[in-house]
Amino acid sequence: MSGVLIDILPDAAALAGSAAKTFLRLATVKPEALFTVALSGGSTPKALYAQLADEPYRSQVPWERIHFFWGDERHVPPDDEQSNFRMASEALLSKVPLPAENVHRIRGELNDANEAAEKYEHELKVFFGLSEGEFPVFDLVLLGIGEDGHTASLFPGTQALKETQRLCVANWVEKLATWRITLTLPVLNNAANVLFLVCGSSKEQVLKEVLSGSGNFPAQLVQPTHGRLCWIVDRAAAGKLEP
Ligand code: 6PG
C-alpha cells in the first residue's frame, strides 16, 4: 500500500504508547476545535485507552473538546462484557474528566439492531450537521483487524461491505450468528486520520496479506479518500512483513 505509514513497535505496551502519543498530537493540533474520534472495540485498544487514562496523557488531553463515538458495537447492552462501550468506559471514559454529552454510544441494547443503527446514524447527522448524502469527517478513526481481515464490524462476505449511502448499518454476521452495528466504508474512508492498531503473532499472516495487497479482505477497503492512513503494529504481528 503506497503512501501508508507503518510504525513497528517492539511489543504491545510500546504500541499503546505510540498510539497514545499520536492521539494526543492529533487532539491538540487545533487548540480550540472539537476533536471527534471513533473508537474501535476488541482487546487491542484496551492498552491504549489505559495509557490515555493515566499520566502523562490524562492531564494533557483536552477532554472537554473530545467527542467519543464508536466504529462498531455488538448487539448487546452497554453493561455486557461483549460491549465495546463497556470496555472503553471501564478502561478510559469513566476515568477522565469527560462531559457525559461527549460520549455518543451505539445503543446495542435495542432489540432491533436496525433501529440502533438508524438512531446512531441520526445522531451522527445531527452532531456533524450533515446534509443529505454527506458523510462525517471524523478527526480520528481507530480500527483493529481480525484474523479474517474484518475491521470494525465489516466482516468478509457480509452485506455492510456493499453499503455506499448509509453512515451506519446493522450487519448480520453469519459466522458469529449475530447482528453487529457498524460504521460503513464511506464513513471510514472520509476520516481525516485512520489508525489501525495490530498486535500479536496471530495477526502476522493477515497483516502481511493486507499490507502487501495480496489479500482480499475488508480491511483493505479502508483507503481514506483524503485522510491519512497509519498502521501501528508490534513486532509479533509484523513478523512476515517485507523489510
Ligand atoms: C470489535 C472490533 C473489531 C476488532 C477486531 C480485532 O468490535 O471486535 O471493532 O473490528 O478491532 O476484531 O480485535 P482484537 O483487537 O481483539 O484482536
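> Can you break down the sheet that holds strand β4 (residues 72–74) residue by residue, with the values?
Pairing in this open sheet of three strands is antiparallel, and the strands run β4-β7-β6 from one edge to the other. The open sheet terminates on both sides in strands that have one partner only, identified here as β4 and β6 (168–173). Pairs of neighbouring strands in the sheet enclose a mean axial angle of 25 degrees, with direction left out of account. Helix-sheet contacts for helix α4 (residues 113–128) involve β6 and β7 (178–183), and the interaxial angle to β6 is about 155 degrees.

> Give a description of the site of the ligand that names residues and reports values.
The immediate surroundings of the ligand are formed by 14 residues, with Thr44, Asp72, Arg74, Ala152 and Lys203 found nearest. Contacts to the ligand include Thr44, whose side-chain N or O atom sits 2.6 Å from an oxygen atom. Side-chain polar atom of His150 to an oxygen atom of the ligand: 2.7 Å apart, as the coordinates give it. When the ligand is considered free in solution it has 410 Å² of accessible area, and contact with the protein chains removes 88% of it. When grouped by side-chain class, the residues that make up the shell around the ligand number two nonpolar, eight polar and four charged.

> So what's going on with the environment of Pro218? Residues and values would help.
Checked against the element boundaries, Pro218 lands in the loop between α6 (204–212) and β9 (228–234). What makes Pro218 buried here is its relative accessible area of 3%. Along the sequence, Pro218 and Ala100 sit 118 residues apart, while their C-alpha atoms lie 33 Å from each other. Here Pro218 is in contact with Asp148, Gly149, His150, Leu154, Phe155, Pro156 and Leu161, once residues within four sequence places are set aside.

> For the packing of aromatic side chains, give the residues involved together with the corresponding values.
For the coordinates displayed, the defined rule picks out eleven aromatic pairs. On the basis of an interplanar angle of 75 degrees and a centroid distance of 5.1 Å, the ring pair of Phe127 and Phe128 is categorised as edge-to-face. Residue Phe127 is classed as partly exposed on the basis of its relative accessible area of 27%. The structure contains a cluster of three or more aromatic residues connected by ring pairs, namely Phe23, Phe35, Trp63 and Phe68. Above the ring of Phe85, the side-chain terminus of Arg105 is found at 5.6 Å from the ring centroid.

How each quantity is defined
- Residues numbered from 1 in each chain as written.
- Predicted model: local features only at pLDDT ≥ 70, side-chain atom pairs only at ≥ 80, totals over all residues.
- Heavy atoms only, no water.
- Pairing = 2+ DSSP bridges.
- Helix = DSSP H or I, 4+ residues; strand = E, 2+ residues; numbered from the N terminus.
- Axes fitted to C-alpha atoms, helices over the stretch in contact; angles between N-to-C directions.
- Contact = heavy atoms within 4.5 Å.
- Near = heavy atom within 4 Å.
- Polar contact = N/O pair within 3.5 Å; in protein donor to acceptor, adjacent residues only side chain to side chain.
- Areas by Shrake-Rupley, 256 points an atom, 1.4 Å probe, with all protein chains shown as cover.
- Nonpolar A, V, L, I, M, F, W, Y, C, P; charged D, E, K, R; others polar.
- Buried < 20%, exposed > 50% of the residue type's maximum accessible area, 1.4 Å probe, protein only.
- Phe/Tyr/Trp six-rings, centres within 6.5 Å; stacked < 30°, edge-to-face > 60°.
- Lys NZ or Arg CZ within 6 Å of the ring centre and 35° of its normal.

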